[in-house]
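Reading the structure
Residues per chain are reported as follows:
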Amino acid sequence: MQKNKIWLSPPHMGGNEQQYIQEAFDTNWIAPIGPNIDFFEQSLEHYLGSGYVAALNSGTAAIHLGLILLGVQSGDTVLCQSMTFSASANPILYQGAIPVFIDSEAETWNLCPIALEEAIIDQIKKGKKPKAIIAVHLYGIPYNIDAIRVLADIYGIPILEDSAEALGSSYKGQKCGTFGDIGIFSFNGSKIITTSGGGAIVTNSAALKKKAIFYATQSKEDAIHYEHSKIGYTYRMSNVCAGIGRGQMEVLEKHLESRRRIHQFYAVFFEGIAGITVHAVPDDRYFSNYWLTAILIDPINPYQMTRDQVMHALTEEDIESRPLWKPMHLQPLFKENAYYGHAVAATLFEQGLCLPSGSNLSDEALNRIKGVFLQLMG
Ligand SMILES: *Cc1c(COP(=O)(O)O)cnc(C)c1O
C-alpha cells in the first residue's frame, strides 16, 4: 500500500480561494491594497462580533505593531508567557524592550496568574513597572481570561492577546482575539486558516485600527509629498493573499468542527491508556478550536514509552509530530532574562507531544496514528 506522509497541520483550501485571487488579477489589485483585503477584514470583524481588524503580512508583525500601539519603548519591561512560539517574544526585542518570562499553569498551559502577580509586584519594586502583558491561547485553549484581566486592571498594565493559534476559540461565549487591549491572529501555513503567510491586529476602536495601518504602511503623514515623523513599517497584507483568506473564512467553521472531531478521536482513544493524557479545556467556560491536539506522556507508564520513543516511532511511519514549544526562558537567546514561576512549563516541554491535527486528516490517517501507539504498547 502506498503510504502518504501525515503532516502535523497542513494547509487546507476550501475551494473559492483561487477565484478571489483571479479577481485580484482581473482588476489588477496586485498590491497591499484592494477589495480582498476589505472583504477579509470585514468577514473577520463579523466573525469576532466585536473589534476592528487590520490585515497584516504576519502574526509577528501584528505583535510588533501591538507593542508600538501600547507605547512599548526601548528599555521597557514586557511580561510574556514563557511557553509559546518565539514569535510572541521576538517583537519585544525589536522594540529594544526587555522580556520577562512567566511560567504556565497546569490547567491551560498558559500564563500562571500567581507567577504573573509575583512578577508584577517584584518588577514594580525594582522600579520597572511592566508596560504590557503578552498572554497566549496555546494550541487554541484560552488562557485564564478572568484571572489575568483582574491582575491587568489592578496594576494598570495592558494585555496584548496573542490569539495566533486560537481563531474560533472562545471564553464564556466571547471570541478569542477580542479580550486584550490589543489582539492578534496569524494566518501562517500551519494555522487553522491560512493566507499562505499573514496576520491581523484587532483593536477596540476605528481610530486605533487606522493608526495600526498608518504604521504598517510606512507612517506616511497627510501631505501631497511623502512626509514622515514616525518610524514606519511594511506590514500590510497583500490583496492576493487576502483573496486566500477570503476563501478560507468561508470554511473556517467547517475546519473548526474537523479539528474538534480529531481532538475527540484522540480523547476517546487515549482515555483507557495509563500514562497518557490529552490536553483539554478545564471546564465549559472554555471553548477550544483544538488547533493542535497535544498529549502528555508520563515518564512512569506501564508501557515504559518515552516521549522521544513515541516521536521516533511516528517518524518511522512517516507521521509528523512535534514536541511542545520550548519555553522561552530555556532558550539560549533569552538566557539573561528574568523568569518567574516554577517548572510547570519545563515539565510540560519534557513530556508533551503535538499530534497530527489538520482539518483535512482522513479517518484512515487517524487509524494509522492509532496503530503506532497500539504497536508501542505491545
Ligand atoms: C504562529 C504564531 C505567531 C506568529 O505567527 P506568524 O508566523 O508571524 O504569522 C505568534 N504567536 C504564536 C503563539 C504562534 O503560534
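Conventions we followed
Residues numbered from 1 in each chain as written. Predicted model: local features only at pLDDT ≥ 70, side-chain atom pairs only at ≥ 80, totals over all residues. Heavy atoms only, no water. Salt bridge = Lys/Arg side-chain N within 4 Å of Asp/Glu carboxyl O. Helix = DSSP H or I, 4+ residues; strand = E, 2+ residues; numbered from the N terminus. Buried < 20%, exposed > 50% of the residue type's maximum accessible area, 1.4 Å probe, protein only. Polar contact = N/O pair within 3.5 Å; in protein donor to acceptor, adjacent residues only side chain to side chain. Pairing = 2+ DSSP bridges. Near = heavy atom within 4 Å. Areas by Shrake-Rupley, 256 points an atom, 1.4 Å probe, with all protein chains shown as cover. Nonpolar A, V, L, I, M, F, W, Y, C, P; charged D, E, K, R; others polar. Contact = heavy atoms within 4.5 Å. Axes fitted to C-alpha atoms, helices over the stretch in contact; angles between N-to-C directions. Left-handed = near helix turned anticlockwise from the far one by under 90°. UniProt positions renumbered as here; feature names shortened; annotations may be inferred. Core = buried A, V, L, I, M, F, W, Y, C linked by side-chain atoms within 4.5 Å. Domains from an automatic or database assignment. Phe/Tyr/Trp six-rings, centres within 6.5 Å; stacked < 30°, edge-to-face > 60°. Lys NZ or Arg CZ within 6 Å of the ring centre and 35° of its normal.

**Description of the pattern of salt bridges**
- All chains considered together, the criterion is met by 13 salt bridges.
- The partner of Asp-146 in a salt bridge is Lys-172, and the shortest N-O contact between them spans 2.8 Å. Here Asp-146 is found in helix H6 (residues 145-155), whereas its partner Lys-172 is found in the loop between strand S6 (170-171) and strand S7 (174-175), with 26 residues between them in sequence.
- Asp-146 sits in the partly exposed class, given a relative accessible area of 32%.
- Take Lys-172: its relative accessible area is 55%, and that puts it in the exposed class.
- Taking the shortest distance from any N to any O, the salt bridge between Asp-283 and Arg-285 comes out at 3.0 Å.
- For Arg-285, a relative accessible area of 34% translates into the label partly exposed.

**Re helix H3 (residues 59-69)**
- Burial analysis of H3 places ten of its eleven residues in the buried class, which makes it a mostly covered element.
- Every buried residue belonging to H3 is among Gly-59, Ala-61, Ala-62, Ile-63, His-64, Leu-65, Gly-66, Leu-67, Ile-68 and Leu-69, and all of these are buried.
- One side-chain oxygen at the N-terminal end of H3 lies 3.4 Å from the backbone nitrogen of Thr-60; it belongs to Ser-58.

**Considerations on the sheet that holds S6**
- Here we have three strands laid out as an open sheet, ordered S7-S6-S11, and antiparallel in their pairing. For this open sheet the edge positions go to S7 and strand S11 (286-287), each flanked by a neighbour on one side alone.

**Here's the deal with the site of the ligand**
- Taken together, 16 residues sit near the ligand, with Thr-60, Glu-165, Ser-186, Asn-188 and Lys-191 positioned nearest.
- Take Thr-60: an N or O atom from its side chain is 2.4 Å from an oxygen atom of the ligand.
- The contact in question runs from an oxygen atom of the ligand to an N or O atom on the side chain of Ser-186, over 2.7 Å.
- Surface burial for the ligand is 94%, taken as the share of its 380 Å² of free accessible area covered by protein chains.
- Considering each element in turn, the shell around the ligand owes the most residues, three residues, to H3.
- Looking at the shell around the ligand residue by residue, the class counts come to five nonpolar, eight polar and three charged.

**Topic: the sheet that holds strand S15 (residues 352-355)**
- Read across the sheet, four strands follow the order S10-S12-S15-S13 without closing on themselves; strand pairing throughout is antiparallel. Looking at the sheet topology across the chains shown, the edges are occupied by strand S10 (276-278) and strand S13 (322-323).
- Running over the sheet, helix H9 (residues 252-271) touches S10, strand S12 (293-297) and S15 and is turned about 150° from S10.

**Description of the packing of H3 against helix H7 (residues 206-216)**
- Axis separation between H3 and H7 bottoms out at 10 Å; the angle between their running directions is 115°. Considering how the two elements wind past one another, H3 and H7 form a crossing that is right-handed. For the pair H3 and H7, the contacting residues are Leu-65, Ile-68 and Leu-69 in the first and Leu-208, Lys-211, Ala-212, Tyr-215 and Ala-216 in the second.

**A short note on unusual backbone geometry**
- Its identity as a non-glycine residue notwithstanding, Tyr-139 has a phi of 55°, on the positive side.
- Relative to the assigned elements, Tyr-139 resides in the loop between strand S4 (132-136) and H6.
- At Ser-219, a residue that is not glycine, the phi angle is positive and equals roughly 50°.
- Here Ser-219 is to be found in the loop between H7 and helix H8 (239-249).

**Details of the UniProt feature "active site" (unreviewed entry) in the protein**
- Here, UniProt's "active site" (unreviewed entry) annotation points to Lys-191.
- As for its placement among the helices and strands, Lys-191 is situated in the loop between strand S8 (182-186) and strand S9 (199-203).
- In contact with Lys-191, other than residues within four places in its own chain, are Ala-164, Glu-165, Ser-186, Arg-259 and Trp-291.
- In this structure the side chain of Lys-191 is engaged in a polar contact, spanning 3.4 Å, whose partner is the side chain of Ser-186.

**Quick notes on the side chain of Asp-76**
- Mapped onto the elements, Asp-76 comes out in the loop between H3 and strand S2 (77-81).
- At 3.1 Å, the side chain of Asp-76 and the side chain of Lys-131 are in polar contact.
- Among residues more than four places away in sequence, those in contact with Asp-76 are Gly-71, Ala-97, Ile-98, Lys-128 and Lys-131.

**As for the nonpolar core**
- Core analysis: the largest hydrophobic core is formed by 36 residues, its most contacted members being Phe-40, Leu-44, Trp-109, Tyr-139, Leu-167, Phe-187 and Leu-324.
- Breaking this core down by element, the ones donating at least two residues are helix H2 (35-48), strand S1 (52-56), S9, H8, H9, S12 and helix H11 (344-351).
- Ranked by residue count, the leading element in this core is H2, at five residues.
- Looking at this core, you find at least three residues from each of domain 1 (17-251) and domain 2 (253-376).
- Ignoring any residue separated from it by four or fewer positions in sequence, one finds Tyr-139 in contact with Trp-109, Glu-165, Ser-288, Asn-289, Tyr-290, Trp-291, Leu-292, Leu-324, Trp-325 and Cys-354.
- Judged by nonpolar contacts, the second largest core, of 31 residues, contains Ala-54, Ala-62, Ile-92 and Tyr-215.

**With respect to the packing of aromatic side chains**
- For the coordinates displayed, the defined rule picks out 15 aromatic pairs.
- Taken together, a centroid distance of 5.8 Å and an interplanar angle of 75° make the contact between Phe-265 and Tyr-266 edge-to-face.
- A residue is classified by how much of its surface remains accessible, and Phe-265, at 23% relative accessible area, is partly exposed.
- Overall, Tyr-266 belongs to the buried group, its relative accessible area being 1%.
- A centroid spacing of 6.3 Å and a plane angle of 20° characterise the contact between Tyr-266 and Phe-270, whose relative ring orientation is stacked. Remark: Phe-270 and Tyr-266 occur in helix H9; sequence separation between them is four residues, near one turn of the helix. Across the pair, Phe-270 and Tyr-266 agree in class, each one buried.
- Through a chain of ring-to-ring contacts, three or more aromatic side chains come together here, namely Phe-85, Trp-109, Tyr-139, Trp-291 and Trp-325.
- The ring centre of Trp-7 lies 4.6 Å from the NZ or CZ of Lys-5, which sits over that ring.
- Here Lys-220 stacks its cationic end above the ring of Tyr-226, 5.3 Å away from the centre of that ring.

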